[in-house]
Amino acid sequence: MISLTINDQQHELDVPEQMPLLWALRDVVNLTGTKFGCGMGLCGACTVHLDGAAVRSCVTPVAAAAGKHVTTIEAMATDAVGSKVQEAWLDVGVAQCGYCQAGQIMSATAFLKDNANPSDDDIASAMGGNICRCGTYNRIRTAIHRAAGQEEQA
Amino acid sequence: MNRTVDTLLLANVSRRRFLQGLAAGSALVVAARWDLAAAAEDKQYGAAGMPYGWVDNPNVFIQIDEDGSVTVTNHRAEMGQGIRTSLVMVAADELGADWSKVKATQAPGDSETYGNQDTDGSRSMRHWFDPMRRAAASARRMLEQAAAQRWDVPVDECQAGVHVIVHTPSGRELGFGELAAAARELDIPSRDSLTLKPESEWRLIGKSLGPSHASDTASLERAPAVDGEDIVSGKAIYGGDIRLPDMAYAVIARPDVLGASVASVDDSETLKIPGVIKTVRLEGTSQPSSFHPLGGVGVIADNTWAAIEGRKALKIQWNTEGLDANAGYDTESYRKMLEQRADSPGKVLRASGDIEAALADAESRHSATYYMPHLAHATMEPPVAIARVSADEAETWAPVQDPQSARDQVTEQLGIDGTNVKVNQTLLGGGFGRKAKPDFVVEAAHLSRALDGRPVQLQWTREDDLHHTYFHALSVDRLEAGLGSDGKVQGWRHRTLAPTIMSIFQDDPKYKATYELGMGLTPLPFDIPALSLENGEAPAHKRIGWFRSVVNLPHAFAIQSFVAELAASAGRDHRDYLLELLGPAREIDPLAVGATWNYGEDPERYTIDVGRLRGVIERATEEADWGKSLPAGRGQGLAVHHSFCSYTAIVLDVEVDDQGSVIVHQADVAFDCGPRVNPERIRAQMEGSVVMGIGIGLLNEISASGGRIEQDNFHQYLLPRQANAPREVRVHLVDNPDAPMGGVGEPGLPPVAPALTNAIFAATGKRIRELPVGNQLKG
């Protein structure tokens with residue numbers, strides 16, 4: 001049994017320690033907002049927060065999350081920064097297919113908590129691990145500035 | 001565009017039934033409808049020419065409840081293009097509904113009820129704008145009639161306001177909800193009794209709404225987005241997000257070599273892995289494979305990870321007997337073979353004047369060979385499907401571009417009566433043509449049957465996706481031109497070679513199909529005295545398929561690059577030279593140049609309009625301040641292309657730094673699709689096309705060696721990331737409301753890669769003829 005806290009709820013999971021957190025979330029806990037994209041930590045679709053830090057859940061063994069706080073997209077509405085990011089995403093109309101956007105929002109939220117006043121270069125660097133095949137990058141940049149309250153840049 | 005009666009009303013129903021019969025028979029209908037080129041006498045165009053045609057019955061698409069809520073059924077696949085919002089907007093506007101009271105629901109695969117559902121070819125709005133408006137106008141008329149009965153007044157005194165019917169002389173009002181039950185009992189009004197709202201009364205259609213468009217009179221704080229809130233909160237349901245009781249999870253080991261089958265399998269180690277339930281041998285298919293799965297060994301488990309681990313432990317011997325060509329497929333040597341073949345004449349597709357004389361007598365002669373590799377769609381959501389199959393019933397949940405096609409395939413390949421096959425449609429995490437092929441739904445169905453009807457979710461991993469997709473064709477295009485002493489083109493020869501998509505539907509024809517050639521090759525709009533367009537032989541060794549914009553990609557890359565090369569050699573400005581080559585504004589008859597497919601549209605309405613090509617070039621170059629002075633190492637590149645009944649020109653402002661890295665500073669896209677329904681989403685499609693096109697230009701490449709694809713994941717198949725996006729994308733929508741409506745999802749893409757390589761030439765003097773740019777600018 002591995003115990004971990006997911007979105008402030010305690011879970012006891014009977015899964016192998018090496019199972020990636022992604023599959024534990026999706027197939028065992030049935031939290032499907034976190035997406036599978038590559039399985040190698042290359043695309044960012046599976047990004048969640050582990051004690052507040054953005055991690056790629058597809059390459060994070062569930063054992064590495066034991067005793068820690070896992071936060072997923074499903075809890076962003078109750079996160080002060082996360083909810084601002086979500087609102088900005090809607091205002092700007094970022095999403096096209098939307099599949100990568102949970103991961104984008106998780107990365108952007110963790111990033112904005114570290115850097116409240118980001119430049120375009122900061123964003124390009126911090127968001128470089130999240131692929132969007134629809135090509136919504138310009139709107140992601142605009143939305144991050146907007147969430148940061150940098151209206152003049154948005 | 002205030003047409004109360006349009007050409008769709010003339011649809012021939014018997015034709016529709018004929019195609020419907022075909023559709024039930026085979027995936028060949030998919031091929032057939034692409035290639036209905038040799039016009040039958042009763043040929044139908046547009047929506048009427050599609051299998052199952054169109055439907056405008058209000059009861060099929062619009063439901064109004066007593067509480068006033070309006071539910072619009074979207075029957076097209078939503079894959080990021082925004083159709084689930086845009087079609088619902090059309091219905092809401094025509095109905096007179098308050099957007100905040102409108103919901104969308106998704107149709108299952110049932111084209112007899114909903115009409116054609118095949119979401120590709122950039123045709124959803126082009127084909128469904130009018131039927132959806134008529135459906136909504138009918139529903140509105142029924143509400144007005146119900147109000148007239150309630151008030152006992154003439155119906156002409158009753159008119160829809162916003163979510164109410166108003167008795168205009170008295171000002172009395174009844175809400176949609178109050179009238180819903182009575183309206184439902186009424187007959188559907190005849191089509192010729194309908195009056196569609198004039199453009200002046202539109203509140204949503206054609207409006208740029210939301211804070212990004214502050215200059216417009218926004219009636220909504222945000223642009224409409226049916227799934228917006230679900231997406232940002234993780235609640236949106238994609239193919240892998242359904243959870244059924246007792247569901248198992250699976251992956252499949254498929255053969256690297258196309259057509260190979262399982263000779264033997266040792267699954268003893270697999271079955272030791274905790275969570276693995278069973279393995280299943282799956283029949284492959286001989287070629288052409290159509291929408292049949294590739295076969296292999298399925299591993300079914302309690303969760304996806306156990307299935308993946310179980311697959312790693314399989315020991316499979318593959319039988320590749322009789323498949324030497326596929327087993328030896330090597331893209332490097334294949335490319336060389338095509339380049340050699342380009343030295344010899346191909347099948348002549350279109351010719352005028354004396355090409356040999358024009359080339360021989362030219363003042364100067366130029367030749368260039370362009371190469372585009374195989375591409376993989378790499379939708380962020382890899383193919384995934386859930387199926388629950390018993391002996392005589394099947395139900396599936398999957399992200400497919402054509403749920404009726406998925407239903408037909410499950411019906412055929414599983415041998416189940418089609419009336420007992422239900423295909424539920426989820427959102428698509430990207431489509432780009434990949435998910436128009438429902439092979440993965442059939443795989444899931446076979447696995448569920450093998451598990452005695454337990455529901456099974458089949459997940460393709462990224463490796464599966466890159467190794468086994470239906471690849472965009474590797475292409476070689478050889479262009480040759482002779483210029484006169486004035487620098488003008490006297491003769492133009494284009495030889496194109498690439499495996500054809502038709503190779504998945506029939507014994508490999510080895511030549512491009514009419515519709516493939518019609519994507520930017522045969523409709524060449526230039527004003528040149530001598531012309532020869534030719535197609536050489538190219539066999540297929542992988543499944544070849546549609547990729548967003550399809551064969552327009554290599555054609556546009558070659559043609560738009562070559563024009564820039566000729567302009568440079570003539571010492572002329574590229575823009576001026578391109579406009580001169582196009583010649584004066586005129587409409588070219590697609591049939592006259594052999595472009596008989598014409599995207600399935602009536603050649604009399606949908607011509608090749610040189611004036612519109614000129615228009616987008618002029619707009620893009622003006623907006624980009626073409627010819628402006630730029631620092632060293634920086635340059636502007638231009639390209640234009642007509643595809644999917646729309647016109648796009650792009651100017652990119654590009655820097656190549658000391659390290660040979662490419663930075664795109666600015667993109668100016670001028671786009672003319674005729675009438676616009678959802679300008680906000682049109683802009684989004686152009687922005688996305690620019691980024692995807694930069695990926696095709698700089699990064700994307702699929703290669704094969706020994707029949708095996710060499711790219712396993714995103715460390716090898718490189719996609720554009722945040723830093724590759726232009727610093728600024730500026731989309732300029734060209735007003736052309738009286739033109740016939742064009743497509744949006746695809747036509748932005750073809751000109752991006754040539755605009756990029758033309759800009760690189762302007763910045764560095766280095767001409768890129770081989771995609772992707774990759775390391776060609778380094779050291």
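Criteria and thresholds
Residues numbered from 1 in each chain as written. Chains lettered and ligands numbered in written order. Predicted model: local features only at pLDDT ≥ 70, side-chain atom pairs only at ≥ 80, totals over all residues. Heavy atoms only, no water. Helix = DSSP H or I, 4+ residues; strand = E, 2+ residues; numbered from the N terminus. Rg over C-alpha atoms; globule rule 2.2 N^0.38 Å. Buried < 20%, exposed > 50% of the residue type's maximum accessible area, 1.4 Å probe, protein only. Contact = heavy atoms within 4.5 Å. Areas by Shrake-Rupley, 256 points an atom, 1.4 Å probe, with all protein chains shown as cover. Lys, Arg positive; Asp, Glu negative; His and termini not counted. Charge placed at Lys NZ, Arg CZ, Asp CG, Glu CD. Domains from an automatic or database assignment. Buried area = accessible area lost by both parts, 1.4 Å probe. Salt bridge = Lys/Arg side-chain N within 4 Å of Asp/Glu carboxyl O. Polar contact = N/O pair within 3.5 Å; in protein donor to acceptor, adjacent residues only side chain to side chain. Phe/Tyr/Trp six-rings, centres within 6.5 Å; stacked < 30°, edge-to-face > 60°. Lys NZ or Arg CZ within 6 Å of the ring centre and 35° of its normal. Pairing = 2+ DSSP bridges. Axes fitted to C-alpha atoms, helices over the stretch in contact; angles between N-to-C directions. Core = buried A, V, L, I, M, F, W, Y, C linked by side-chain atoms within 4.5 Å. Parallel < 35°, antiparallel > 145°, perpendicular 65-115°, else oblique. Left-handed = near helix turned anticlockwise from the far one by under 90°. Expected span 1.5 Å × (residues − 1).

Enquirer: Describe in detail the overall build of chain A, supporting the description with residues and values.
Expert: Tallying secondary structure elements over chain A gives 5 helices and 5 strands in all. Mapped from its N terminus to its C terminus, chain A presents α and β elements in the order β-β-α-β-β-β-α-α-α-α. Taking 2.2 N^0.38 as the reference for a compact globule, 154 residues should give roughly 15 Å; the C-alpha atoms of chain A span a radius of gyration of 15 Å, in line with that estimate. Reported as C-alpha extents along the three principal axes, the dimensions of chain A are approximately 50 × 30 × 20 Å. Expressed as a percentage of its 154 residues, the buried residues of chain A come to 63%. Long-range pairs, those at least 24 residues apart, make up 58% of the contacts in chain A between residues at least 6 apart in sequence. By element, 45% of the accessible surface of chain A is carried by carbon and sulfur atoms, the whole surface being about 5,200 Å². Averaging the positions of the 10 positive and the 16 negative side-chain charges in chain A gives two centres separated by 7 Å.

Enquirer: Tell me about the domain arrangement of chain B, and name the residues and values.
Expert: Often the size quoted for an interface is simply the accessible area lost on bringing the parts together. All names here are of chain B. On domain assignment, one finds that chain B holds domain 1 (7-205), domain 2 (248-323 + 383-459) and domain 3 (342-375 + 470-764). For domain 2 and domain 3, the distance between their C-alpha centroids amounts to 37 Å. Of the roughly 1,300 Å² buried between domain 2 and domain 3, counting both surfaces, carbon and sulfur atoms make up 60%. Three residues, P288, F432 and K437, lead the burial of domain 2 against domain 3; their summed loss comes to 40% of the area buried on that side. Remark: the boundary between domain 2 and domain 3 carries 2 salt bridges. D256 is paired through a salt bridge with R708; the nearest N and O atoms lie 3.7 Å apart. Remark: the boundary between domain 2 and domain 3 carries 6 residue pairs in polar contact (both at pLDDT 80 or more).

Enquirer: Summarise the domain arrangement of chain A; cite the residues concerned and give the values.
Expert: Residues and elements named next belong to chain A. Assigned domains of chain A: these are domain 1 (2-75) and domain 2 (76-147). One C-alpha centre belongs to domain 1, the other to domain 2, and the line joining them spans 20 Å. In total, about 1,300 Å² of surface goes out of reach between domain 1 and domain 2, with carbon and sulfur atoms giving 56% of it. Broken down residue by residue, the surface that domain 1 buries against domain 2 is led by H49, I73 and A75, which jointly contribute 39%. Between domain 1 and domain 2 we count 0 salt bridges in total. Listed by contribution, the elements that provide at least two residues to the side of domain 1 that touches domain 2 are β3 (47-50) and β4 (53-56).

Enquirer: I'd like a rundown of the pattern of salt bridges, residues and numbers included.
Expert: All names here are of chain B. Per the stated rule, a full pass over the model turns up 55 salt bridges over all chains. Notably, a salt bridge pairs E144 with R141, separated by 3.3 Å at the nearest N-O pair. Taken together, the positions of E144 and R141, both in helix α6 (residues 124-151) and 3 residues apart, correspond to about one turn of that helix. What makes E144 buried here is its relative accessible area of 6%. Here the salt bridges share partners, and the residues they tie into one network are E94, R133, R140, R141, E144 and D156.

Enquirer: Report on the packing of aromatic side chains, specifying residues and quantitative values.
Expert: Summed over the entire model, instances satisfying the criterion amount to 14 aromatic pairs over all chains. Ring centres of A:Y99 and B:Y238 lie 5.3 Å apart, and the angle between their planes is 90°; on these two criteria the pair is classed as edge-to-face. Taken together, the positions of A:Y99 in the loop between α2 (80-92) and α3 (101-114) and B:Y238 in the loop between α8 (228-232) and β7 (248-253) put the pair across two chains. With respect to burial, A:Y99 and B:Y238 carry one shared label: buried. Among the aromatic residues, those joined into a ring-pair cluster are B:Y515, B:W597, B:Y599 and B:F644. One Lys or Arg, B:R134, reaches over the ring of B:W54 and ends 4.8 Å from the middle of that ring.

Enquirer: Describe the interface of chain A and chain B, naming the residues involved and giving the relevant values.
Expert: Facing the 50 residues of chain A at the interface are 61 residues of chain B. Overall, the association of chain A and chain B removes approximately 4,700 Å² of surface from exposure, summing both partners, and the carbon and sulfur fraction of that is 56%. If you look at where chain A meets chain B, you find 7 salt bridges. Residue A:D91 pairs with B:R222 through a salt bridge whose shortest N-O separation is 2.6 Å.

Enquirer: A description of the sheet that holds strand β25 (residues 662-672) of chain B should follow, citing residues and the corresponding values.
Expert: Residue and element names in this part refer to chain B. With mixed pairing, the 4 strands of this open sheet are ordered in space as β23-β24-β25-β28. In this open sheet, the two edge strands, each paired with only one partner strand, are β23 (634-643) and β28 (728-733). Ignoring which end each strand starts from, the neighbouring axes of this sheet average 15° apart. Summarising the sheet, β25 and β28 pair through 6 bridges and their orientation is parallel. The residue bridging Q666 from the neighbouring strand is E728, located in β28. Where helix α21 (residues 679-698) meets the sheet, it contacts β25 and β28, and its direction lies at approximately 130° from that of β28.

Enquirer: Please give an account of unusual backbone geometry that cites residues and values.
Expert: Residues and elements named next belong to chain B. Cis peptide bonds are those with omega within 30 degrees of zero, and the linkage from L771 to P772 qualifies with -5°. Among the structural elements, P772 can be located in the segment after α22 (752-764). With phi around 65°, D246 is a residue other than glycine that occupies positive phi space. A residue is classified by how much of its surface remains accessible, and D246, at 52% relative accessible area, is exposed. At D625, a position not held by glycine, the phi torsion is positive, near 55°.

Enquirer: Give me the lowdown on the nonpolar core, citing residues and values where you can.
Expert: By size, the foremost hydrophobic cluster in this structure holds 177 residues, and its most contacted members are A:W89, B:W492 and B:F526. Grouped together as the second largest cluster of nonpolar side chains are 73 residues, B:V90, B:M125, B:A147 and B:L186 included.

Enquirer: Kindly report on the environment of B:M142, identifying the contributing residues and their values.
Expert: All names here are of chain B. Relative to the helices and strands, M142 is located in helix α6. On the basis of relative accessible area, M142 is assigned to the buried category, the value being 3%. When near neighbours in sequence (up to four residues on either side) are disregarded, M142 contacts P58, N59, A183, L186, D187, I188 and P189.

Enquirer: With reference to specific residues and values, describe the packing of helix α18 (residues 552-569) of chain B against α22(B).
Expert: Residues and elements named next belong to chain B. Their axes nearest at 8 Å, the elements α18 and α22 cross at an angle of 30°. Taken together, the axis directions place α18 and α22 in an arrangement best described as roughly parallel. Crossing of α18 against α22: the hand is right-handed. Here α18 contributes A556, F557, Q560, S561, A564 and A568 to the contact with α22, which in turn contributes A753, P754, T757, N758 and F761.

Enquirer: Before we move on, could you go through the pairing of strand β18 (residues 475-483) of chain B and cite the residues and values that matter?
Expert: Residue and element names in this part refer to chain B. With 9 of 9 residues buried, β18 is to be regarded as a mostly interior element. A two-sided burial pattern is seen for β18, the buried positions comprising S475, D477, L479, A481 and L483 on one face and V476, R478, E480 and G482 on the other. Summarising the sheet, strand β13 (residues 364-372) and β18 pair through 9 bridges and their orientation is antiparallel. Considered in β18, the bridge of R365 is made with G482. Once β18 ends, the chain turns through 5 residues before running back antiparallel as strand β19 (residues 489-497), passing G487 with a positive phi of about 85°.

Enquirer: Report on helix α20 (residues 610-623) of chain B, specifying residues and quantitative values.
Expert: Residues and elements named next belong to chain B. With 14 residues, α20 extends 20 Å between its outermost C-alpha atoms, agreeing within 8% with the 20 Å of an ideal straight helix rising 1.5 Å per residue. Buried residues of α20: V610, R612, L613, R614, V616, I617, A620 and T621, and no others. In this structure, the buried residues of α20 make contact with α19 (574-582), β21 (587-588), β22 (608-609), β23, β24 (646-656) and β25. Between a side-chain oxygen at the N-terminus of α20 and the backbone nitrogen of G611 the separation is 2.9 Å; the capping residue is D609.

Enquirer: Help me get a handle on the sheet that holds β7(B), residues and values and all.
Expert: All names here are of chain B. The sheet built from 7 strands is open, its strands ordered β9-β10-β7-β17-β14-β15-β16 with mixed pairing. Sheet topology places β9 (276-282) and β16 (421-425) at the edges, where each strand pairs with a single neighbour. This sheet shows a mean twist of 20° between the axes of neighbouring strands, independent of strand direction. Bridging between strand β14 (residues 384-389) and strand β15 (residues 394-398) involves 4 bridges; their strand directions are antiparallel. In the strand pairing of β15, A387 is matched with T396. Helix α15 (residues 439-450) contacts β7, β9, β10 (296-301), β14, β15 and β17 (456-459) of the sheet and is inclined by roughly 40° relative to β14.

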